[in-house]
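Take a look at the letters that make up each chain.
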Amino acid sequence: MLTTALSTLRTRWVTFAGSFVALSLGVALIAVMGLALASSLDAPDRGPERFAAARVVVKGRDALEVSTPIGVRGQELAQPRAVPAGVVAKLRDLGTVVEDRSFAVRAEGGPADLVGHPWSTAAFAPYALDAGRAPRAADEVVVSGDWARPGTRVRTGGGTVRVVGTVAGLGFENAVFHTDARAAELAPRSLQLVVDADAAAVREAVRGSEGVQVLTGDARRYADADPDRDAEALTAMNALFGTAGGVAGFVSVFVVASTFAFAVARRRREFGLLRTAGATPGQIRRMVVHEALAVGVLASAAGCVLGSRAAPELVEWAVDENLAPRWFTLGDHTWPYHVAFWTGLLVALCGVLAASWRAGRTGPAEALREASVDARPMTRGRLLWGAVLLVTAVVTLALALATDPGGLLRRKTYVSRPMLLITAVALLAPLLVRPLVRLIAWLPARLPGAGGMLVRENAAAGVRRTAAVAAPVLVTVALAGSLLGATATLDGAKATEARERTAADFVVAPAGAAGFDGATLRRLRAVPGAEVSASSSSAVYVLEEGVALVRSGARAAEPGPLAATTRLPLVAGRTDDLDDDSIIVNEEWEKHTVGERVDVWLGDGTRKSLRIAAVMAVGTGDNGVYVTPRNAPAAPVDRVDVRLAHGADAHAVADGLRRAVRASDGEVLTGEAWVRATRPGTDRTTRTGFFLVLGIALLYTGVSLANTMVMATSDRARELAALRLAGATRWQVLRLVGAEALTVVVVGGLLGALVAGLNLAGMWSALGLLSVWTPIEVPWTPLGAALGACAVLAVVSAVVPAGLALRRAAVELAGTRE
């Protein structure tokens, strides 16, 4: 049988070439994603940056740590505490103390990530002047980089400043240095300071001060703006490559198994001849397995080589797109090759295993069959597995809706859930192919001529062929519709929440992260006809189930103005009942009964017991908590909602608001304009990851679709000859083949749309249960583009081999072996 298998590989090279290409590309995808994922597991050690030349850095309390029965749990504080004044006084007795301040800067023509500092801290990086001089006046600055030269005037959120000097950039930030006095005005709170003294003496001075840290050596990096950015970048890349790798692995396994199974199923006449010649069922099965083993080993090895060449290109692309840090490179890992190789070989064997058992049951009479009609396209095993997976998908969805509808809104869930449904629908596709084909071709079949009828009957008769060709289209359309539709629907739901919650006529936003100062707030409140609600962004921490320290975003506002400008999605209680001793929570909290008291930690780590004044619906997960300003210490006002008083003129109020914030460069928007401007959107990494996934899926399924079409068309020589002998012209036959390919693509598109529709319906139901009613967002443009690309590939891959076959005489074609 091994000799027979090798001979079969030589004579049926078209069939095995298609299987080889599909498997090698699948293995290459798994290898590429595995190599990228393996390289993103460990971040390099990064030393101090802003304070590399400082002796000692003292930092205030910036983390909350709570003891639980299973250990200490920690969270970063929303409002870190400054070093206590008494400690600062002790440190000044030891040596020179320089207070550090950092604040966002918005400058016309400058980088988007500008950050301001006092000039006295520049020496600790160290920065050195390469042009100009140090700043001496409040309107003078020194900048890093080459985006501005000395003498340039730049408009910033704090007014117009003049660049008097430049320093060379050090690669970790784009800095703007003010005088120390001006920096203190722009950022009144100093959270850390540099001490020119012996480290042991500094530690002795801060002894007994809760949470105060003394940083020396490599630990000084924790005083940098984002000391864990490398780990965070790797976490984002893990999510990106993990998602892409998971989907790519599923697509490749799905398509390869389908391709191998189809390659075996279409050879029943060949197996019938072997059975007539005396081959036993076991010999047939062993031959098929040997063929798969030979193709699997060669294709998997080729895929690993291809993956090793493609992986550096993926890493370079990720760096160029700023999805990965500049230092990110491909590591020296071998386990992804093993995973890819053995996965490919296993999938190849599994893909032919079930088909080989069916091939072994082929009777000798099959060699005499001339018709290509699939009498029993569905085996009992395929029907059983398809039904089991479909029931599993439906039951898990129902359980999720009943117990945790919010879980369906998580990215991992709506990325992984379509896979189960895709597999179930693909397994049951032969049951759906005939009715779909007859529905699609109903009108063409009734048009004059036999073309429409032949398209319908050919596609309906060759159920296995139609299902195999439709499978790649099903995967592409289902993934595009499910992933892009889920993110668009979720973004729309969040926008609906924001729109329904905003009752303000105007929203005033500050220019920078420092928020509005007291003088600006007084001017805003003095505008005639304006009811002003100033609010701050903070956080509240709660210990759930005694072991999990959970952070909830919080907004702090006065109860009366809050009730006038905001429509909270309350299910119990009233907004007016909020006071300094209470909190408004949502139903996700372990305790969410009005009147019940809950122990929380405020944004600066202060522990407090608060009464629940009202309870909100869960929504999409953005319904945080509400407290009064007294329970959000040191949180700057970052939003001002304005409601028009009865009879007030909107234009006059808007002009008054603009005059009030002119000095601080704030922005005045109507309520509707603010909702549009702050409409939630998928972050760039997630969006790029989804397009990477869909690009891989489209490319791979496109190649698979072309392979399958070539394989299917190459075996239709006798059918094409029969059409030619019946009087059809060459162009009529080609049009028939092209129309049939289009019909099959539409079948796959409808099955994919069915899967995407079911997934989006599940998300829509979950949003409804969470009290957010929003329309389903269907990504029509990507779906149309994916379906159009599949249609073009299918038609070309069917018409070209058919055209080549028709170059031979019809009588010669009729005698062609299959």
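Overview of the structure. Keep in mind that this is a model prediction, so the values were computed, not measured.

The rules behind these values
- Residues numbered from 1 in each chain as written.
- Predicted model: local features only at pLDDT ≥ 70, side-chain atom pairs only at ≥ 80, totals over all residues.
- Heavy atoms only, no water.
- Pairing = 2+ DSSP bridges.
- Helix = DSSP H or I, 4+ residues; strand = E, 2+ residues; numbered from the N terminus.
- Axes fitted to C-alpha atoms, helices over the stretch in contact; angles between N-to-C directions.
- Contact = heavy atoms within 4.5 Å.
- Salt bridge = Lys/Arg side-chain N within 4 Å of Asp/Glu carboxyl O.
- Buried < 20%, exposed > 50% of the residue type's maximum accessible area, 1.4 Å probe, protein only.
- Phe/Tyr/Trp six-rings, centres within 6.5 Å; stacked < 30°, edge-to-face > 60°.
- Expected span 1.5 Å × (residues − 1).
- Polar contact = N/O pair within 3.5 Å; in protein donor to acceptor, adjacent residues only side chain to side chain.
- Patch = residues over 30% accessible without salt bridge, like charges linked within 9 Å, V, L, I, M, F, W, Y side chains within 5 Å.
- Areas by Shrake-Rupley, 256 points an atom, 1.4 Å probe, with all protein chains shown as cover.

## Topic: the sheet that holds strand β1 (residues 56-59)
Pairing within the open sheet is antiparallel, and its four strands lie in the order β4-β12-β1-β13. One side of each edge strand has no neighbouring strand; the edge strands of this open sheet are β4 (97-100) and β13 (213-215). Looking at each pair of strands side by side, their axes are set apart by 25° on average, direction ignored. Against the sheet, helix α5 (residues 199-206) makes contact with β1, β12 (192-195) and β13, and its axis sits at roughly 15° relative to β1, the strand it touches most.

## Examining the pattern of salt bridges
On inspection of all chains with the given rule, the structure shows 21 salt bridges. Close ionic contact of Lys59 with Asp62 constitutes a salt bridge, the shortest N to O distance being 4.0 Å. Under the relative-accessibility criterion, Asp62 is labelled partly exposed at 23%. Here Arg182 makes a salt bridge to Glu185, at a shortest N to O gap of 2.8 Å. Residue Arg182 and its partner Glu185 are both found in helix α4 (residues 180-186); the two are separated by three residues, about one turn of the helix. For Arg182, a relative accessible area of 18% gives the class buried. Counted as one network, the salt bridges with shared partners bring together Arg92, Glu99 and Arg101.

## Comments concerning the packing of aromatic side chains
Tallying each qualifying case throughout the model produces five aromatic pairs. Ring centres 6.3 Å apart and planes at 45° place the aromatic pair Tyr127 and Phe172 in the tilted group. Separated by 45 residues along the polypeptide, Tyr127 in the loop between β6 (114-118) and β7 (129-132) and Phe172 in the loop between β10 (159-167) and β11 (174-178) bring together distant segments of the chain. Ring centres of Phe341 and Trp342 lie 5.1 Å apart, and the angle between their planes is 85°; on these two criteria the pair is classed as edge-to-face. Among the residues examined, Phe341 registers a relative accessible area of 18% and is labelled buried. Given a relative accessible area of 53%, Trp342 falls into the exposed group.

## Focus: the environment of Val668
Relative to the helices and strands, Val668 resides in strand β23 (residues 667-670). Judged by relative accessible area, Val668 falls into the buried class, the value being 13%. When the C-alpha positions of Val668 and Ala509 are compared, they lie 6.6 Å apart, and in sequence the two are 159 residues distant. Non-local contacts of Val668, meaning those with residues more than four positions away in its chain, are made with Phe506, Val507, Val508, Leu657, Arg658 and Val661.

## Some words on helix α11 (residues 411-427)
Here α11 spans 26 Å end to end across 17 residues, near enough to the 24 Å set by a 1.5 Å rise per residue. Buried within α11 are the following residues: Thr413, Tyr414, Val415, Pro418, Met419, Leu421, Ile422, Ala424, Val425 and Ala426.

## Concerning unusual backbone geometry
A cis amide bond links Ala125 with the next residue in sequence, Pro126, at an omega value of 0°. Turning to its location among the elements, Pro126 is positioned in the loop between β6 and β7.

## Notes on the side chain of Asp224
For Asp224, the location among the structural elements is in the loop between β13 and α6 (229-265). A polar contact of 3.0 Å, which involves the side chain of Asp224, links it to the backbone nitrogen of Arg50. In this structure, Asp224 is in contact with Gly47, Pro48, Glu49, Arg50 and Phe51, ignoring residues within four places of it in sequence.

## Notes on the environment of Lys591
On the secondary structure map, Lys591 appears in the loop between β18 (582-586) and β19 (597-601). Between the alpha carbons of Lys591 and Ile612 there is a distance of 8.6 Å; along the sequence they are 21 residues apart. Among all residues touching Lys591, those that are not within four sequence positions of it are Val585, Glu596, Arg597, Val598 and Ile612.

## Some thoughts on a nonpolar patch on the surface
A contiguous nonpolar surface patch, about 400 Å² in accessible area, is contributed by Leu383, Leu431, Leu432, Leu754 and Leu758. Looking at the nonpolar patch, the elements that each hand over two or more residues are α12 (429-440) and α22 (730-769). Note on placement: Leu758 falls in helix α22. Judged by relative accessible area, Leu758 falls into the partly exposed class, the value being 41%.

## Quick notes on the environment of Val618
Mapped onto the elements of the fold, Val618 is located in the loop between β20 (607-616) and β21 (625-627). In the structure, Val618 is positioned 152 residues away from Leu770 in sequence and 5.8 Å away in space, judged by C-alpha atoms. In contact with Val618, other than residues within four places in its own chain, are Glu587, Glu588, Asn623 and Leu770.

## What to know about the pairing of strand β8 (residues 140-144)
Burial within β8 is extensive, with five of its five residues counted as buried. The alternating pattern of β8 places Glu140, Val142 and Ser144 on one face and Val141 and Val143 on the opposite face, and all of these are buried. Direction of pairing for β8 relative to β10: parallel, over a ladder of five bridges. Among the inter-strand pairings, Glu140 is bridged to a residue of β10, identified as Arg162.

## Describing helix α23 (residues 780-805)
With 26 residues, α23 should cover 38 Å at 1.5 Å per step; its first-to-last C-alpha distance of 37 Å lies within 8% of that length. When α23 is considered as a whole, its buried residues turn out to be Leu783, Ala786, Cys790, Ala791, Ala794, Ser797, Ala798, Pro801, Ala802, Gly803 and Ala805.

These figures come from the coordinates and say nothing about function on their own.
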